[in-house]
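One-letter residues, chain by chain:
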Amino acid sequence: MGATLEHHEPKRGIISNLKTAFWQFNNTPGQLIPLLQRAQETEGYISEMAMKYISGITEIPESTVYGVITFYRQFRLRPQGEFVVRLCDGTACHVNDSRLLKEIIEDELNLEGSDTTADGLFTLELVACLGCCSLAPVIMVNDQTYGRLTPQTLRKTLKKYRRLGRELIKEREEKCNLEIGA
Amino acid sequence: MDTITIGTGTCGVSAGAEAVLEAFQRLISDNQNNTILLAETGCMGMCYKEVLVEVKNSQGEFLYGDVTPDKAAQIFQEHLLEGHPLDEWLVLQNHQEGNERDFILKQHRIVLRNCGLIDPMSIDDYLSKDGYKAITKALMEISPEELIQSVIDSGLRGRGGAGFLTGIKWRFARQSPGKIKYVICNADEGDPGAFMDRSVLEGDPHSVLEGMLLCGYAIGASTGYIYCRAEYPRAIIRLENAIKQAEERRLIGENVLGSGWDFKIKIKEGAGAFVCGEETALIASIEGHRGTPRIRPPYPAAAGLWGKPTNINNVETLANLPWIVQEGPQKYAELGTEHSKGTKVFAMAGKIKRSGLVEVPMGISINEIVFDICGGIKDGKKFKAVQMGGPSGGCIPASLGETLIDYQQINKTGAIMGSGGMIVVDDSTCMVELARFFLEFTQNESCGKCTSCRIGTLRMLEILDRIIEGKGEQCDLDQLEELGHQIKNTSQCGLGQTAPNPVLTTLNYFREEYEAHVQDKCCPAHSCSALVNFMINSENCTGCMICTKDCPVGAIGGEKKQVHFIDQEKCIKCGKCITTCNFNAVYKD
């Protein structure tokens, strides 16, 4: 299974968070999914290390844990971009041309077949329903919802986030340079 | 005291309720006004008019729609300070008059009785609406058997989709031997386009808890689980808060209301799997496994969660119960038709003028909902069909618009009542593509346990893809039907047994549309890209040259400031021009 998991630095606190959660759940049956949810909350995805750790403390085989992770849509084995664009593909959005929006997002963010951009800034996620059908078609960027979109307003919104993304990268580079300089 | 109430359900927040709330907070503090109370409430049902703000003062109750922070300032100044309501933005006055009165006229609110009226974070608000009186009455005066009998008498059927009589289900769980029993509230609302349960959880969480208490008392359980979608963070926050408040008042926990009976409620967050709406899959998921269904019997009533007798009810079913116990089963049974009693909540969306939540008595017709309540179709287009029951349901054509909302009547059309998503489509929606959309959804969500569902739906999807791309043949239609019936007959759980419904109903009612795709290679709704020509509307085109540059095959020609044209020979129908044009000048013909 290692082949599908990329190696990333584990986030600080993941182990202690899982330890606390395990203690809280008090080894009750059915704790596996809440533990995985806690791991994802901490790291943004489920790292190989977290998976192995959970398997160890719960005494559930790694293969079973992996099976549960891949079964549920919520769990991710890779980190997401800085900006997560959730495109609603519920029925109401679908009949209001959400597929067209998908093409625009892929085009504007240069997502070629992958769900995350090469620079790790954007992830496109198709979701079944965001629950605001009267605003269809809808996207969510992180916690912000944008409704009643047209191709034009969508491009404008995405351009805004691309600009934010560029600034973010610049900031990081500067910080990095400073650290090197110091 | 004057009150400003803002709808902060998910629909309201998406439309910008938080900015409006902040605006009012600022206005109140700027004016150093201590006589105006600011409150929040759940979804009022009129999602199409969000952000909704209600002003209550000595003049009456005024509901404003489409409120922005700017409008908020004006409402505050003119209405609250000067006493002049702003008629142009008013949608309702005193809950019955006003521009949008048609929307509520034919509704009958039982499940949504408190939604949009009370603050969902306040147990006192719920108590002031006779909250927790039903469980008090049950514990003091009614035996569990009598309670079950009255639920049977009310004729309430499970609102999750299957429509099984709730009281009978309870009786099975009651009669199952065993000391430990469980109540599960199914709040894993997975249908795309359905948001009834979310609105109830967000707008009136205590009514669901009270429903669970009643169920727990009736079957003799001491633990309840709410299995809620993790995608509903707001609902989970409000439920957690409601449980905490109810525990503080001794309504949940040990020795409920001094009766000696213990009942605790826990929340389990789902992790995103449509199949977990199925009872046995949901149980597997709570137990921490992959959410795959198992063969029934034994039914959960005999052996459910951790092998113990378990009763599972949907959110809407549970929210009905306090009302039934309070008002009496006869009053509930008076509403509706012979076999379908009470009311049903529908989430209306799609191409209608008024989308949102409606609660109607059973026995009302589809046309009444679409036209009288929801105002008909947007942009003057023609009503084509309603899709009921989500991916497990089917399409009912406009010609059957007089069909009554009744379990039997709806089933006769090939659709199902389902959980209550109703998507209205007009003549610009291609029914083949819509069927494909639903099938793709169920195909993705198939848990993979039985072959007919896992592989059968994939084969159907491949055929539909061929048809949409203009490569279909006449025999494909027969094959779709045959496959559909086989999957229905041989799948183990409800997901597989209903997955072909969207295809089969559209094949039944819109066969000519399928035939147009396979025989004439055209899409009557002008929707399927492979079967249409892309054209430029000369009135809208400004000659900006953007599409000529973006076209990947150089099929668009034309000079600057002159109307462009598309070379149909070169065009590969990728649709890029539609997405780049800033003037809506490209259309499909």
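Residues numbered from 1 in each chain as written. Chains lettered and ligands numbered in written order. Predicted model: local features only at pLDDT ≥ 70, side-chain atom pairs only at ≥ 80, totals over all residues.

Caption draft 1: Structural detail: the overall build of chain B. The number of helices and strands found in chain B is 24 helices and 18 strands. Relative to the globule expectation of 25 Å for 589 residues, the C-alpha radius of gyration of chain B, 26 Å, shows essentially globular dimensions. A burial count over chain B gives 53% of its 589 residues as buried. (Helix = DSSP H or I, 4+ residues; strand = E, 2+ residues; numbered from the N terminus. Rg over C-alpha atoms; globule rule 2.2 N^0.38 Å. Buried ≥ 20, exposed ≤ 12 C-beta atoms within 10 Å, placed from the backbone.)

Caption draft 2: Here's a closer look at the overall build of chain A. When helices and strands are tallied, chain A shows 7 helices and 4 strands. Along its sequence from the N terminus, chain A presents helices and strands in the succession α-α-α-α-β-α-α-β-β-β-α. With respect to the three principal axes, the spread of C-alpha positions in chain A is 50 × 50 × 30 Å. Burial status across chain A gives 31% buried among its 182 residues. Within chain A, contacts between residues separated by at least 24 positions form 64% of all contacts whose residues are at least 6 apart in sequence. (Contact = placed C-beta atoms within 7 Å.)

Caption draft 3: Expanded view of the packing of helix α10 (residues 205-219) of chain B against helix α13 (residues 315-327) of chain B. Residue and element names in this part refer to chain B. Packing of α10 against α13 brings their axes to within 7 Å, and their N-to-C directions diverge by 75 degrees. By the angle class used here, α10 and α13 are roughly perpendicular. Residue-level contacts link Ser 207, Val 208, Glu 210, Gly 211, Met 212, Leu 214 and Cys 215 of α10 to Val 315, Leu 318, Ala 319, Leu 321, Pro 322 and Val 325 of α13. For the contact of α10 with α13, the per-class residue count stands at 10 nonpolar, 2 polar and 1 charged. (Axes fitted to C-alpha atoms, helices over the stretch in contact; angles between N-to-C directions. Parallel < 35°, antiparallel > 145°, perpendicular 65-115°, else oblique. Nonpolar A, V, L, I, M, F, W, Y, C, P; charged D, E, K, R; others polar.)

Caption draft 4: Region of the structure containing the domain arrangement of chain B. Residue and element names in this part refer to chain B. Per the domain assignment, the segments making up chain B are domain 1 (2-100), domain 2 (123-331), domain 3 (343-426), domain 4 (431-520) and domain 5 (533-588). Measuring from the centre of the C-alpha atoms in domain 2 to the corresponding centre in domain 4 gives 35 Å. The residue makeup of the side of domain 2 that touches domain 4, split by class, is 7 nonpolar, 2 polar and 1 charged. (Domains from an automatic or database assignment.)

Caption draft 5: Quick peek at the domain arrangement of chain A. Domain boundaries in chain A define domain 1 (2-71) and domain 2 (83-181). Placing the centre of domain 1 of chain A and that of domain 2 of chain A at their C-alpha centroids yields a distance of 28 Å.

Caption draft 6: Region of the structure containing the pairing of strand β13 (residues 394-397) of chain B. All names here are of chain B. Relative to β13, strand β12 (residues 383-388) runs antiparallel, the two being bridged by 4 bridges. Residue pairing across strands places Met 388 opposite Gly 394, the latter belonging to β13. As consecutive antiparallel partners, β12 and β13 are separated by 5 residues, and within that stretch Gly 389 has a phi angle of approximately 85 degrees, a positive value. (Pairing = 2+ DSSP bridges.)

Caption draft 7: Examining the environment of B:Lys268 more closely. Residues and elements named next belong to chain B. One can find Lys 268 in strand β8 (residues 264-269). Under the C-beta neighbour-count criterion, Lys 268 is labelled buried, with 22 such atoms within 10 Å. Measuring from C-alpha to C-alpha, the distance between Lys 268 and Tyr 227 comes to 4.8 Å, with 41 residues separating the pair along the chain. Setting aside residues up to four positions removed in sequence, Lys 268 forms contacts with Tyr 225, Ile 226, Tyr 227 and Ile 286.

Caption draft 8: Just helix α21 (residues 501-509) of chain B, in detail. The element α21(B) is extensively covered by neighbouring structure, given that 8 of its 9 residues are classed as buried. Those residues of α21(B) lying buried are B:Asn501, B:Pro502, B:Val503, B:Leu504, B:Thr505, B:Thr506, B:Leu507 and B:Tyr509.

Caption draft 9: Structural view of the interface of chain A and chain B. Taken residue by residue, the interface counts 34 residues in chain A and 40 residues in chain B. Elements represented by at least two residues in the side of chain A that touches chain B include exactly α2 (32-43), α4 (62-71), α5 (91-95), α6 (98-108) and α7 (151-181) of chain A.

Caption draft 10: Seen up close, the nonpolar core. Core analysis: the largest hydrophobic core is formed by 210 residues, its most contacted members being B:Val20, B:Val53, B:Leu214 and B:Ala347. When residues of this core are assigned to their parent elements, the largest contribution, 9 residues, is made by α10(B). Setting aside anything within four residues of it in sequence, one finds B:Ala347 in contact with A:Cys133, B:Gly193, B:Ala194, B:Phe195, B:Met196, B:Leu357, B:Gly420, B:Gly421 and B:Met422. Counting residues in hydrophobic clusters, the runner-up holds 12 residues, among them B:Cys541, B:Cys551, B:Ala585 and B:Val586. (Core = buried A, V, L, I, M, F, W, Y, C linked by C-beta atoms within 7 Å.)

Caption draft 11: The confidence of the model for chain B, seen in detail. In this model, chain B carries an average pLDDT of 93, and 100% of its residues clear a pLDDT of 70 or more. Interface predicted TM-score (ipTM) for the complex: 0.87; the corresponding pTM is 0.92. (pLDDT = per-residue confidence, 0-100.)

Caption draft 12: Structural context of the sheet that holds strand β1 (residues 83-88) of chain A. Residue and element names in this part refer to chain A. With mixed pairing, the 4 strands of this open sheet are ordered in space as β2-β1-β3-β4. Since the sheet does not close on itself, it has two edges, and those belong to β2 (122-127) and β4 (144-146), each with one partner. Each adjacent strand pair in this sheet contributes to an overall mean axis angle of 20 degrees, direction not counted. Bridge analysis of β1 against strand β3 (residues 139-141) gives 3 bridges, and the strand direction is antiparallel. Note on β3: the bridge partner recorded for Arg 86 is Met 140.

Caption draft 13: Local environment of the confidence of the model for chain A. All names here are of chain A. Put simply, chain A has an average pLDDT of 86, and 93% of its residues get 70 or more. When pLDDT is averaged over each element of chain A, α4 comes out on top at 96 and helix α1 (residues 14-25) at the bottom at 85. Low pLDDT, under 50, characterises residues 1-7; the predicted model gives this stretch 6 contacts beyond four residues in sequence or across chains.

Caption draft 14: Just the sheet that holds β12(B), in detail. Residue and element names in this part refer to chain B. Spatially, 5 strands are ordered β11-β10-β14-β12-β13 in an open sheet, and the strand pairing comes out mixed. The open sheet has two edge strands, β11 (356-361) and β13, and neither has a second partner. Strand-to-strand twist across the sheet, computed as the mean angle between neighbouring axes with direction ignored, equals 30 degrees. Examined bridge by bridge, strand β10 (residues 343-350) and strand β14 (residues 421-426) share 4 bridges and lie parallel to one another. From the neighbouring strand, Gly 350 faces β14, where its bridge partner is Val 424.

Caption draft 15: Region of the structure containing helix α15 (residues 366-373) of chain B. All names here are of chain B. Listed in full, the buried residues belonging to α15 are Ile 366, Ile 369, Val 370 and Ile 373. Projected down its long axis, α15 carries its buried residues within an arc of 120 degrees, all on one side. Taken from the residues just after α15, Gly 375 is the one with a positive phi, measuring 80 degrees. (Arc of directions from axis to C-beta.)

Caption draft 16: Structural context of the environment of B:Cys215. Residue and element names in this part refer to chain B. Here Cys 215 lies in helix α10. Through-space distance from the C-alpha of Cys 215 to that of Phe 583 is 57 Å; in sequence the pair is 368 residues apart. Not counting residues within four places of it along the chain, the set of residues in contact with Cys 215 comprises Trp 170, Val 183, Asn 311, Asn 313 and Leu 318.

Caption draft 17: Region of the structure containing the packing of helix α19 (residues 474-490) of chain B against helix α22 (residues 511-520) of chain B. All names here are of chain B. In contact at an axis separation of 8 Å, α19 and α22 are set at 140 degrees when each is read in the N-to-C sense. Of the possible angle classes, the one that applies to α19 and α22 is oblique. Contacts between α19 and α22 involve Gln 474, Asp 476 and Leu 477 from the former and Tyr 514, Val 518 and Gln 519 from the latter. Considered class by class, the residues forming the contact of α19 with α22 number 3 nonpolar, 2 polar and 1 charged.

Caption draft 18: Summary view of unusual backbone geometry. Here the residue pair A:Ala136 and A:Pro137 is connected by a cis peptide bond, since its omega of -5 degrees sits within 30 degrees of zero. In this fold, A:Pro137 is placed in the loop between β2 and β3. Note that the residue after B:Arg296, namely B:Pro297, is joined by a cis bond; omega there is -5 degrees. On the secondary structure map, B:Pro297 appears in the loop between α12 (279-286) and β9 (310-314). For A:Glu59, which is not a glycine, the phi torsion comes out positive at approximately 60 degrees. Relative to the assigned elements, A:Glu59 resides in the loop between α3 (48-58) and α4. Here B:Asn584, not a glycine, exhibits a phi torsion of approximately 50 degrees, which is positive. With respect to the helices, strands and loops of the structure, B:Asn584 is situated in the loop between α24 (576-580) and β18 (586-588). For B:Asn584, a count of 13 C-beta atoms within 10 Å translates into the label partly exposed.

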